[in-house]
Structures are given as structure tokens and as C-alpha cells.
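Breakdown of the fold
Listed below are the residues making up each chain.
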Amino acid sequence: MTDYRELESEALARIDAAADLAALDALRVEYLGKQGSVSSLLKSLGAMAPDERQAKAPAIQALRQAVADALAGRKDAMEAAGLEARLATETVDLTLPAPEMPRGSVHPVSQVMDELAEIFADLGFSVATGPEIEDDWHNFSALNMPESHPARAMHDTFYFPDQAEQGGRMLLRTHTSPVQIRTMVSQGAPVRIIAPGRVYRSDSDATHTPMFHQVEGLVIDRDIHLGHLKWTLETFLRAFFEREDIVLRLRPSYFPFTEPSVEVDVGFALENGKRVLGGSGDEAGHGWMELLGSGMVNRRVIEMSGLDPDEWQGFAFGVGVDRLAMLKYGMDDLRAFFDGDVRWLKHYGFSFLDQPTLSAGVGARA
Ligand code: PHE
């Protein structure tokens, strides 16, 4: 009965001397494991006569408890010492930069649309939108392009199966001009809106993608004339390209929904083989670049939108957003806009913090 004391003091001494957690665990197995010596003593109680068991059980239980406590105490001490050692040797340098988090960027098309909204908001324009799946009437007929009008040939698009019950053939809109009609019909006059968005044509090469972006402008009011159109476009382009020397050339053109129609060219100079907007295109070493279509809204279009063309006049314009982005930020392949290549986005994309504002410069880069 007394040999438990010896066993206990030997166990406690060995536990105390254990060098590391592995050695400590080996001791745990040796004493308290399934085949461990203390475990065997506990098991032997079962084979004893009741009297003997009653006499020996307390000492054996006490032994088991003492060994278990010693193991736990030593383990705590080792872990605390380990932590102390790490705290003493490892230091945290709070001046190091935080690990970088993957961050997305704003696509140049979105950025340019925000820039346009900012510039035109300053001129009193609000932003209007319309559906990309449009009906034949809004995309063509109401814009003075009736069925079989030759101008429709230039707007070949993607058609949906005929749905006569929904008011005719649905298609992917070929321009943002149907938003002119929708706005006049729904809000009447006067109107001062821009309408940015996606448009579609079955076209595909280095400078044409089947989907691209336009922004429409529409002003309807009393006594609006071509001078207002020219001033508005000049003011917009000077703010957008952040150059006071942007010069426009208005060239007679034709769109079924405007009369008269004007194609707007901007003067550019060739600098190191690159076109840089600014100056008259007639100067030596300069040229004119076609930039957008516009004109005075055809009175038939005003009429078809439910307004009286003798009371209300206005102008409209449509410009390619992708084109504006390429000219301003220097990309040369339109297809890369829609490849979704993260490297391209990293290079040409904008920080979400880079909100265009007129005071900070609409094109400021963070
Ligand atoms: N919708 C025309 C196009 O896509 C552009 C335009 C808009 C022309 C408004 C005149 C007025 O080609």
C-alpha cells in the first residue's frame, strides 16, 4: 500500500523534469494511458474483494488525481513559457504597410459616363434611361424611319421572334435615340436630358463591336435653335477634354429624325503620330475628325411624341462613349474594352475614389 507514495513521487519528479510537450505526453501515456501503470492499478480494483477495494481505492484515486494534476500543471507552465518566449523574440512592426487587398477598378466606359453626367448636370441636364430590348416603333418608326426606310439598313441589329401581341417586333436598340421619344411621351416638354447606355448593331471589327455605348442628348423648349446646339456641344467637349482650344466644324448631314442634321467634327493636331484634340483642323499639320451626329429635332418626331411642333423645338445629339474614352485616355483597340482582361482594367481602370467633379477636373486620376 505504501508503494503508491513512491510511484507518485517518481511520477511527479519525472513530470517536473520533462523537457518538452512531447516528453510530457509520453509520460501521460505511460501513467494514465490505456495500458498505463496508474490505469492498471485502477483496473485492478475491480478484481479485489470489497474490503480490500474499500481500503485501497482512496489511495489509488488520489494517486491518479495527483499525476493528472501534475501533468496539467506542467503543460500549462510549458505553454505559458512558450508564449513568453515568442513575445520576447517576435515583435510586431506596426509601421509596416498593411497587406494589399485585391481591389477592382472602374471601367473607363463607366468613368466617362460619370464624367458626362457631371458635365451635363452643371448645364441643367438630368439623366434618362430606356430599355435595351426596344420595340420597332421607338427605335425606328417614331424616329421618322418607317418600315422599309433605307436608313434602317445602316442600323442592322438583332431581332427577337415576332411577338405581335406585344405591339410588334422587339429588337436590341441600335442607338439611344429611342430615349428621346420615351422622354417626350412620358414627361412632355420642356426637356433637358442625356441618356447614356448600351446599344447594338451587327457589326464587328477593330473599331466596331456588336455592343457599344452611346450618350444621347435632347433639349426641347421654346425658341431653341442651332446656336444652342453648337454652344452646348462646345461647352461639353471643352469640359470633357479639359481644353479651351477645342474647335468644332459643323457639317451638313442627314438623319431621318433631325432636320437640319449636322455631323460634328473636331480639329486635332498630329503629335508624335498621335492625334491630339485642339485647334482648328484647317491649320497646317492638323485635321478634322468626325465625332458625333446631331441636329434640330425633326418636327415630325416632336409630333409623333405627342407635342405641338409649332410650340416646341429642340436639338438632339448622339455620341459614342467608347470613342470618347479612347480619345481621352489613349486606348487604340475598341475590342479590348469588352475582353474583360484584368490586366487591361488594371492599366486603364479608375479608382472608385476618383469621382469626377468639375472642380477637381472631370478626368482627374487618383
Ligand atoms: N442616333 C444617331 C446614331 O446612332 C446619332 C444621332 C443622335 C444623330 C441624335 C442625330 C441626333 O447614329
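Residues numbered from 1 in each chain as written. Predicted model: local features only at pLDDT ≥ 70, side-chain atom pairs only at ≥ 80, totals over all residues. Heavy atoms only, no water.

1. What about the overall build of the protein?
Scanning the protein from N- to C-terminus turns up 11 helices and 10 strands. A globule of 366 residues ought to have a C-alpha radius of gyration of about 21 Å, yet the protein, at 40 Å, is considerably larger. With the principal axes as the frame, the protein shows a C-alpha extent of 120 × 60 × 35 Å. Here the protein holds 366 residues, and 43% of them are scored as buried. (Helix = DSSP H or I, 4+ residues; strand = E, 2+ residues; numbered from the N terminus. Rg over C-alpha atoms; globule rule 2.2 N^0.38 Å. Buried < 20%, exposed > 50% of the residue type's maximum accessible area, 1.4 Å probe, protein only.)

2. Points about the layout of surface pockets
In this structure, the largest pocket encloses a volume near 1500 Å³. As for the largest pocket, its lining consists of 49 residues, and the residues nearest its centre are Glu290, Leu291, Leu292, Gly320 and Arg323. Elements that contribute at least two residues to the lining of the largest pocket include exactly β5 (211–221), α8 (226–241), β6 (248–255), β7 (258–271), β8 (274–277), β9 (286–297), β10 (313–320) and α10 (321–329). Taken together, the residues of the lining of the largest pocket sort by class into 22 nonpolar, 15 polar and 12 charged. (1 Å grid on protein atoms, 1.4 Å probe; cavity = no way out; pocket = protein on both sides within 12 Å on 5 of 7 lines; lining within 4 Å. Points joined across faces, edges and corners; volume = space filled by probe spheres on them. Nonpolar A, V, L, I, M, F, W, Y, C, P; charged D, E, K, R; others polar.)

3. With respect to the pattern of salt bridges
Across all of its chains, the model carries 23 salt bridges by this definition. The partner of Glu134 in a salt bridge is Arg182, and the shortest N-O contact between them spans 2.6 Å. Within this pair, whereas Glu134 is found in strand β2 (residues 133–135), its partner Arg182 is found in helix α7 (residues 178–187), the two being separated by 48 residues in sequence. You can call Glu134 buried: its relative accessible area is 1%. The class of Arg182 is partly exposed, set by a relative accessible area of 27%. Note that Asp310 and Arg299 form a salt bridge whose closest N and O atoms lie 3.2 Å from each other. Of this pair, Asp310 sits in the loop between α9 (299–304) and β10 while Arg299 is found in helix α9, placing the two residues 11 residues apart along the sequence. On the accessibility criterion, Arg299 (44% relative accessible area) is partly exposed. A network of salt bridges, in which partner residues are shared, links Asp136, Glu147, Arg152 and Arg169. (Salt bridge = Lys/Arg side-chain N within 4 Å of Asp/Glu carboxyl O.)

4. A few points about the environment of Asp93
Mapped onto the elements, Asp93 comes out in the loop between α4 (50–89) and α5 (108–122). A sequence separation of 85 residues divides Asp93 from Pro178, and the C-alpha atoms of the two residues are 60 Å apart. Engagement of the side chain of Asp93 in a polar contact is seen with the side chain of Thr95, the distance being 2.5 Å. (Polar contact = N/O pair within 3.5 Å; in protein donor to acceptor, adjacent residues only side chain to side chain.)

5. Looking at the packing of aromatic side chains
Aromatic ring pairs are described here by two measures, namely the spacing of the ring centres and the angle between the planes. Summed over all chains, the structure comprises 11 aromatic pairs. Taking the centre distance of 5.1 Å and the plane angle of 50° together, the rings of Trp344 and Tyr348 count as tilted. On the criterion of helical spacing, the pair formed by Trp344 and Tyr348 is a turn pair, its members being 4 residues apart in helix α11 (residues 342–348). For the pair formed by Trp344 and Tyr348, the shared burial category is buried. One aromatic cluster in this structure is built from Phe120, Phe125, Phe236, Phe240, Phe241 and Phe317. The ring of Phe240 has Lys328 lying over it, and the distance from NZ or CZ to the ring centre is 4.3 Å. (Phe/Tyr/Trp six-rings, centres within 6.5 Å; stacked < 30°, edge-to-face > 60°. Lys NZ or Arg CZ within 6 Å of the ring centre and 35° of its normal.)

6. What to know about a nonpolar patch on the surface
Together, Trp137, Val185 and Met304 make up a nonpolar patch on the protein surface, roughly 260 Å² of accessible area in all. Along the polypeptide, Met304 turns up in helix α9. Take Met304: its relative accessible area is 32%, and that puts it in the partly exposed class. (Patch = residues over 30% accessible without salt bridge, like charges linked within 9 Å, V, L, I, M, F, W, Y side chains within 5 Å. Areas by Shrake-Rupley, 256 points an atom, 1.4 Å probe, with all protein chains shown as cover.)

7. Some thoughts on helix α3 (residues 37–44)
Looking only at α3, the buried set comprises Val38, Ser39 and Leu41. One side of α3 holds all its buried residues, which, seen down the axis, span an arc of 155°. Close packing links the buried residues of α3 with α1 (3–17), α2 (21–32) and α4. (Arc of directions from axis to C-beta. Contact = heavy atoms within 4.5 Å.)

8. Thoughts on the site of the ligand
In the vicinity of the ligand lie 14 residues, with His175, Ser177, Arg201, Gln214 and Gly318 positioned nearest. Within the side chain of Arg201, an N or O atom sits 2.9 Å from an oxygen atom of the ligand. In the model, an oxygen atom of the ligand is placed 3.0 Å from a nitrogen or oxygen of the Gln214 side chain. In the complex, the protein chains occlude 92% of the 330 Å² of accessible area that the ligand would expose alone. Among the detected pockets, the ligand sits in the largest pocket. Listing elements by their share of the shell around the ligand, those giving two or more residues are β5, β9 and β10. The biggest single contributor to the shell around the ligand is β10, with 3 residues. (Near = heavy atom within 4 Å. Sits in = over half its atoms within 2 Å of the grid points.)

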